[in-house]
4 protein chains.
Amino acid sequence: MPNQKPLNIGLIGYGFMGRTHSNGYKRVNDFFPELAYRPVLKAVCGRTAEKTQEFADQWQYESIETDWRKLIARDDIDAVDICTPNNSHAEIAIAAAEAGKMILCEKPLALNPEEGERMIAAVEKAGVANTVWYNYRRVPAVSLAKQLIDEGRLGRIFHYRANFLQDWTINEDLPQGGAALWRLDAKAAGSGVTGDLLAHCIDTAVWLNGSITDVSAMTETFVKERMHNETGKMEPVTIDDACAFLCHFGNGSLGLFESTRYARGHKALYTFEINGEHASIRWDLHDLHRLEYFDHADDSIVRGWRSVHCTDGDMPYMDKWWVPGLQIGYEHTFVHQVADFLKSVETGEPCNPTFRDAQETQQVCDAVLESARTRQWKNVG
Amino acid sequence: MPNQKPLNIGLIGYGFMGRTHSNGYKRVNDFFPELAYRPVLKAVCGRTAEKTQEFADQWQYESIETDWRKLIARDDIDAVDICTPNNSHAEIAIAAAEAGKMILCEKPLALNPEEGERMIAAVEKAGVANTVWYNYRRVPAVSLAKQLIDEGRLGRIFHYRANFLQDWTINEDLPQGGAALWRLDAKAAGSGVTGDLLAHCIDTAVWLNGSITDVSAMTETFVKERMHNETGKMEPVTIDDACAFLCHFGNGSLGLFESTRYARGHKALYTFEINGEHASIRWDLHDLHRLEYFDHADDSIVRGWRSVHCTDGDMPYMDKWWVPGLQIGYEHTFVHQVADFLKSVETGEPCNPTFRDAQETQQVCDAVLESARTRQWKNVG
Amino acid sequence: MPNQKPLNIGLIGYGFMGRTHSNGYKRVNDFFPELAYRPVLKAVCGRTAEKTQEFADQWQYESIETDWRKLIARDDIDAVDICTPNNSHAEIAIAAAEAGKMILCEKPLALNPEEGERMIAAVEKAGVANTVWYNYRRVPAVSLAKQLIDEGRLGRIFHYRANFLQDWTINEDLPQGGAALWRLDAKAAGSGVTGDLLAHCIDTAVWLNGSITDVSAMTETFVKERMHNETGKMEPVTIDDACAFLCHFGNGSLGLFESTRYARGHKALYTFEINGEHASIRWDLHDLHRLEYFDHADDSIVRGWRSVHCTDGDMPYMDKWWVPGLQIGYEHTFVHQVADFLKSVETGEPCNPTFRDAQETQQVCDAVLESARTRQWKNVG
Amino acid sequence: MPNQKPLNIGLIGYGFMGRTHSNGYKRVNDFFPELAYRPVLKAVCGRTAEKTQEFADQWQYESIETDWRKLIARDDIDAVDICTPNNSHAEIAIAAAEAGKMILCEKPLALNPEEGERMIAAVEKAGVANTVWYNYRRVPAVSLAKQLIDEGRLGRIFHYRANFLQDWTINEDLPQGGAALWRLDAKAAGSGVTGDLLAHCIDTAVWLNGSITDVSAMTETFVKERMHNETGKMEPVTIDDACAFLCHFGNGSLGLFESTRYARGHKALYTFEINGEHASIRWDLHDLHRLEYFDHADDSIVRGWRSVHCTDGDMPYMDKWWVPGLQIGYEHTFVHQVADFLKSVETGEPCNPTFRDAQETQQVCDAVLESARTRQWKNVG
């Protein structure tokens, strides 16, 4: 531990995700003492020097940059972490790969599959470690779901359903664009809830249940115009406020997905449920430390959904934290991903989801948006 | 009360629904003493005399018939209650209307909209009272949801989602057809989960949220062949085991519906959720005495989903039963529908859903099945 | 079934319990067709002829009486059902026993153990069938709990905790005494929540977990004076508004009980939980169709409390009702007790809890009230 | 922020609590950037040099000590954090106070009230900042409960009930004493669940609902002998495995408390519920990010328990973390207490609970144990 090797991080973008990632880097070695590497917060990059310095001071980054190209050019940066709006992921990632940097990229990977392809080509050509921050894979309960499925406990899968429901854009007076609101501007975000929220649902689904083959989708924009922060004028809203789709998985199961920012009463309700021949699983981000499990093999008179409090040491990642009954929270998913990334650097194994893994979600999102546009079923990829 | 007028019931079919309806007739005056009519269990009709007599003895029907045409021809029958498989609803109902009988018909109304039209024409020409047993409208919590929506508490509606999940047909050895299993035979049932389960979801949705305009659906038959009880041979399964669809409502909200008999862990989980501008509602048949309610107008620090235990006297129907905290169950929905039907006989007002009301569900089901067949969006009606 | 033997019921008191029992008598043969007896609503007795007749008309009792002694004297009455306030149970029951009538007595058995002893002596001397309406034993989930314990699934028991929480007397303007409010008058009720609510908790506990040996209790009367309906004046409140006690069971486990009518937010929340070496159970009257079950033998990674929806045919009483997933409610507990009583009449076996069984609860209540008065631990019996 | 003043921490004991506190020190400035002080992990003290060094390496303490007297004597230590077994709190704290150090002491404050008095005298004489780690006060939902009560939303309080249920000592083969098991040895711990678990319940209760005046308690030791890790022999178990008590609060409300390590199915279930005239509150450590709230002023038809997801920025501490819907966990309570302690150092105001505040819990625990021994009601203090 005293002789952990440093891994110098260069963070680009210091918004909400900049905070979650920074916390991951700073916490990881306290709880994963066996790691061979220790992240060093070498530099953070933002467009405004003053605000960037403020962030650097708070989180103890050693230096700042205001041009991401300079950050990438620095010899003392081992890994570049991309936390900028979606429309700059491709350009930065490709440049970073060419500069031989490891890359940790926020989700979604790109604006569209074409960008994604170029990013994959770049990292694979450069042979650099790469991963995409689909952090919900590393909620202990979700990792446990993966384990249960891989153990064959569910048997043949019949149904997968997921939704991601929020309610923060119902107010018509909320503006679009700029700072914290770039997610409402399709130019910066690529799409609305599809890339922001459904991408999470799709990533988890593909990980747990395999490929999606075809989709039928609908999207809706409930508020048609909002004041744009950059122009100061009312502008058409270009994102999808809500999106739902039907799909088939390659394993023959049926899927149902929905996402919206107009579901009054839900702050960030991401849920999924998987129904198998022998057992079923469901999970809910609002109580992320629990996994619901139903096992048909139980004696019929005492058979029921079990609420598993995922805080025991034999559950994924939970030997690192406290004692049974004491829950962890949202931010720990990022600590886990940093830990897994550092292990992958040590072993040379990929850290899932790689850019290539994440491209599958990109393709599904693309098919979803295309299906909604054309009102046709669309094949994926 | 001693001078209530008799209303003579002739029940056709004595399966599961025959029991729920009979119970409704026998219980109603004990709890709704103000009613002007008292149902009299005049006759029950079934194909097998012995079994029909056994049912009559148990439930105290005064007589039996083995030919429904004879039952309809009897002068001492005021109202005919149709509890037979779906493929005989139309023929019986039209004959009963022509005989001037009131009609209470099990859901779904018919095998298809064409049959439905003929049934509507018949009852309207005859001018006879008619209703369809979409009993879930009369769960107190569901009636309360209707009241809250009609009071405008939700404001503009953005989303409606519903599902009806069961798991009783996962076993491949379960045969199809005959007695209790006619629901697995498309010839008798018309369709699978669409007419059996989704019809309930659609009826409630249309009642609460207005018309559905267009749908995109998928269906699946997971087990392709089952032994048929009538032929004793393996036969192709002709019903839909699962069905899901996207839709738009006339009020601009988006809908998402799903039903299956392959959702391990769910016995009869019918849930719906409605998200409005100001408030949201959700309900679950497995805990039918509760309504979940979220009101955005609550103080933000104590805002959350409320679990309303629908057992107080100021909630729909609940002044008739016990005291706050003491729940009623499934069977009471039928008592309520009988009560409302008797009131409608007294006042001459229709008892919802009438055949005409129920036809809308028929049309949606038809569009759903057609959309699934053609993989196209379909308009309703 | 056509040849079931009549069992003529004479009901004394037609308040809330008069309704629940009458419903039990009228429903039982529809759902328990195998019974040899059919209850006949022969007579109901109340002090006011007009109101009694109104009740008789609604529930179809054949006749009325206004003097319970006359009812007991009638030759055409087989069984007397006592639904009067607690302070008349003993007198009526003893007279009924002496008249050779079977007796179904509302709980609590008596005002105190001394009365209880005399009642037991009377029924045992007369050799008449007798039972006390501790109806919660016959909630299917509670009967299932009994079965699980008897099967040894819990192992050694460490803890039993129960509470019965209501909030209907918080309002200081609520009067005491008379009609529906005799429960607030110690002269009529004997005690407050102890006899009314804790008696239920104690009955279930003794049935499930065996005898209670000693108790330490506290009681409180939060509102000291209320207008008395009979005098029209403010009078001291003589009942216990709240009562809690610690206890030991004979099996070495610890007990904790609480009851109140001042628990804002709880209408009629009766819950219990039992912690055993191998498994635990909990139940809640507000969702009476569910039993929570925890089994330590489950694989540790999928171990959790199971929510068992008690609606399957292999659970106690549930083969009599509907299909899995469709819940029954409060009133069914009385139907079940009538069914069991009728079976006991047929077989000559006692129908639990008999007067003698119910006396144990009486003794615990007595020790609880005495402990509260003296602020000392008290032995039971 | 760059110019935060260092506050040098000397940690004594590096067990479970040593980890939670260290994490608090390391995280606090990332999330509370406005603080004037920054904790510096100057030294950790343990009896075994090797293990202490291992902990120091993992958590990045600058140095180690193996004699707590040496740690206290160091000039470069500003604050001493006591995480040793309970039987050394008094000696260390008094010495630290005499050395002029600030003190953060793990709970319970002491083995008994006499020790507590001496500790209070020492810190007050020395005029040093002091606090006790009753961390559950700083769960956002619990702090919110305090706020709601202080705002008068509950009105007159009638009932307070709390329990802390675990199941980790049911196995008879679990030894007592030594390392992680000193909690099972009364010599080291003072008592069993009373000081370990009930102390938490009492601290919260006194904070939320005011003083407890008198108690009636029972304790039990279910497993009478366990192998002692230090002697290698079977020895009598000297702690209380379970403890329950009744009490009165100074405000006239009734209290009911229970704790055990034999409640199968509960890992660390700390719950409390408060019933007031107007509103009620309940909370559960297993879902610590939720507060249940019932407001009688709600419209009766939509009145129910609200499940408040305590993740919004207007709730206590939650402006420091993520966005609505994203929960924090157990460890954050310690971060909050460090933040509040640092603020108190800055302002000179006490950081609750001080030693004096925590003494009240000590007195209640003492009365509880004495009441259990004597089977008498005991006054507190």
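Not measured: the values here are computed from a predicted model. (Residues numbered from 1 in each chain as written. Chains lettered and ligands numbered in written order. Predicted model: local features only at pLDDT ≥ 70, side-chain atom pairs only at ≥ 80, totals over all residues. Heavy atoms only, no water.)

What chain A contains, in helices and strands, is 10 helices and 17 strands. Since a compact globule built from 381 residues should have a radius of gyration of about 21 Å, the 21 Å found for chain A is in line with a globular shape. When its C-alpha atoms are laid out on the principal axes, chain A stretches across 65 × 55 × 40 Å. When burial is assessed residue by residue, chain A has 69% of its 381 residues classed as buried. Considering only intrachain contacts with a sequence separation of at least 6, the fraction spanning at least 24 residues in chain A is 68%. Of the accessible surface of chain A, which amounts to about 12,300 Å², a share of 47% is contributed by carbon and sulfur atoms. A distance of 1 Å separates the average location of the 39 positive side-chain charges in chain A from that of its 54 negative side-chain charges. (Helix = DSSP H or I, 4+ residues; strand = E, 2+ residues; numbered from the N terminus. Rg over C-alpha atoms; globule rule 2.2 N^0.38 Å. Buried < 20%, exposed > 50% of the residue type's maximum accessible area, 1.4 Å probe, protein only. Contact = heavy atoms within 4.5 Å. Areas by Shrake-Rupley, 256 points an atom, 1.4 Å probe, with all protein chains shown as cover. Lys, Arg positive; Asp, Glu negative; His and termini not counted. Charge placed at Lys NZ, Arg CZ, Asp CG, Glu CD.)

Residues and elements named next belong to chain D. Read across the open sheet, the 6 strands follow the order S3-S2-S1-S4-S5-S6; overall the sheet is parallel. Sheet topology places strand S3 (63-65) and strand S6 (130-132) at the edges, where each strand pairs with a single neighbour. For this sheet, the mean angle separating the axes of adjacent strands, direction not counted, is 25 degrees. Of the pairings in the sheet, the one linking strand S1 (residues 5-12) to strand S2 (residues 37-45) comprises 8 bridges and is parallel in character. (Pairing = 2+ DSSP bridges. Axes fitted to C-alpha atoms, helices over the stretch in contact; angles between N-to-C directions.)

Moving on to the relation of the copies chain A and chain D. Between chain A and chain D, which share one sequence, the superposing operator has a rotation angle of 180 degrees and an axial displacement of 0.0 Å; the RMSD is 0.0 Å. Interpreted geometrically, this transformation is the action of a two-fold axis. When C-alpha positions in chain A are compared against the rotation axis, the closest is assigned to Gly329 of chain A, at 2.4 Å. A high fraction, 100%, of the interface residues of chain A reappear at the interface in chain D, so the copies pair face to face through one surface. (Least-squares fit on C-alpha atoms with pLDDT ≥ 70 in both.)

Sequence positions flagged by UniProt for "domain: Gfo/Idh/MocA-like oxidoreductase N-terminal" (unreviewed entry) are, in local numbering, residues 7-132 of chain A. Helix makes up 45% of residues 7-132 of chain A and strand 23%. Its end C-alpha atoms lie 18 Å apart. (UniProt positions renumbered as here; feature names shortened; annotations may be inferred.)

With 43 residues of chain B in contact, the opposing surface of chain C contributes 43 residues. Here chain B packs against chain C, burying approximately 3,700 Å² in sum over the two surfaces, 51% of which is carbon and sulfur. Remark: the boundary between chain B and chain C carries 8 salt bridges. Of the charged contacts, one joins Arg290 of chain B and Asp287 of chain C as a salt bridge, the two residues approaching to 2.8 Å between their closest N and O atoms. Seen at the junction of chain B and chain C, the total is 32 residue pairs in polar contact (both at pLDDT 80 or more). (Buried area = accessible area lost by both parts, 1.4 Å probe. Salt bridge = Lys/Arg side-chain N within 4 Å of Asp/Glu carboxyl O. Polar contact = N/O pair within 3.5 Å; in protein donor to acceptor, adjacent residues only side chain to side chain.)

What follows is about the relation of the copies chain B and chain C. Between chain B and chain C, which share one sequence, the superposing operator has a rotation angle of 180 degrees and an axial displacement of 0.0 Å; the RMSD is 0.0 Å. Residue by residue, 100% of the interface of chain B is reproduced at the interface of chain C, so both copies engage with the same surface.

Turning next to the domain arrangement of chain A. Residue and element names in this part refer to chain A. Looking at chain A, the domain boundaries give domain 1 (5-135) and domain 2 (138-379). On a C-alpha basis, the centres of domain 1 and domain 2 stand 23 Å from each other. The interface is formed by 46 residues belonging to domain 1 together with 42 residues belonging to domain 2. Here domain 1 and domain 2 share an interface that buries about 4,100 Å² over both sides, 67% of which is from carbon and sulfur atoms. In this assembly, domain 1 and domain 2 are joined by 3 salt bridges. Notably, a salt bridge pairs Asp196 with Lys107, separated by 3.7 Å at the nearest N-O pair. Here domain 1 and domain 2 share 20 residue pairs in polar contact (both at pLDDT 80 or more) between them. If you list the elements that add at least two residues to the side of domain 1 that touches domain 2, you get helix H1 (16-31), strand S2 (37-45), strand S5 (102-105), helix H5 (113-126) and strand S6 (130-132). (Domains from an automatic or database assignment.)

Let us now look at the sheet that holds strand S6 (residues 130-132) of chain B. Residue and element names in this part refer to chain B. Across the sheet, which stays open at both edges, the 6 strands sit in the order S3-S2-S1-S4-S5-S6 with parallel pairing between neighbours. Strands at the two margins of the open sheet, each flanked by one partner only, are strand S3 (63-65) and S6. The sheet shows a mean angle of 25 degrees between the axes of neighbouring strands, direction not considered.

Okay, the side chain of Glu273 of chain B next. All names here are of chain B. Inspection of the secondary structure puts Glu273 in strand S13 (residues 269-276). Take Glu273: its relative accessible area is 9%, and that puts it in the buried class. Engagement of the side chain of Glu273 in a polar contact is seen with the side chain of Asn275, the distance being 3.0 Å.

This part covers the packing of aromatic side chains. Centre-to-centre distance and the angle between the planes together describe a pair of aromatic rings. For the coordinates displayed, the defined rule picks out 116 aromatic pairs over all chains. Geometrically, the ring pair formed by Tyr136 of chain A and Tyr270 of chain A is edge-to-face, given 5.7 Å between the ring centres and 65 degrees between the ring planes. With Tyr136 of chain A in the loop between S6 and helix H6 (140-150) and Tyr270 of chain A in strand S13 (residues 269-276), this residue pair connects regions lying 134 residues apart in the sequence. Judged by relative accessible area, Tyr270 of chain A falls into the buried class, the value being 0%. A cation over a ring is seen here: Arg375 of chain A above Trp377 of chain B, with NZ or CZ 4.5 Å from the ring centre. The ring of Trp305 of chain B is capped by Arg282 of chain B, whose NZ or CZ atom sits 4.0 Å from the centre of that ring. (Phe/Tyr/Trp six-rings, centres within 6.5 Å; stacked < 30°, edge-to-face > 60°. Lys NZ or Arg CZ within 6 Å of the ring centre and 35° of its normal.)

Another point: the pairing of strand S15 (residues 290-295) of chain D. Residues and elements named next belong to chain D. Taken across its 6 residues, S15 has 5 buried, putting it largely inside the fold. The sheet contact formed by strand S14 (residues 279-284) and S15 spans 4 bridges and is antiparallel. Opposite Ala279, over in S15, you have Asp295 as the bridge partner. Taking the residues that link successive antiparallel strands as the turn, the S14-S15 hairpin has 5 residues. Bridging between S15 and strand S16 (residues 305-309) involves 4 bridges; their strand directions are antiparallel. Considered in S16, the bridge of Tyr293 is made with Arg306.

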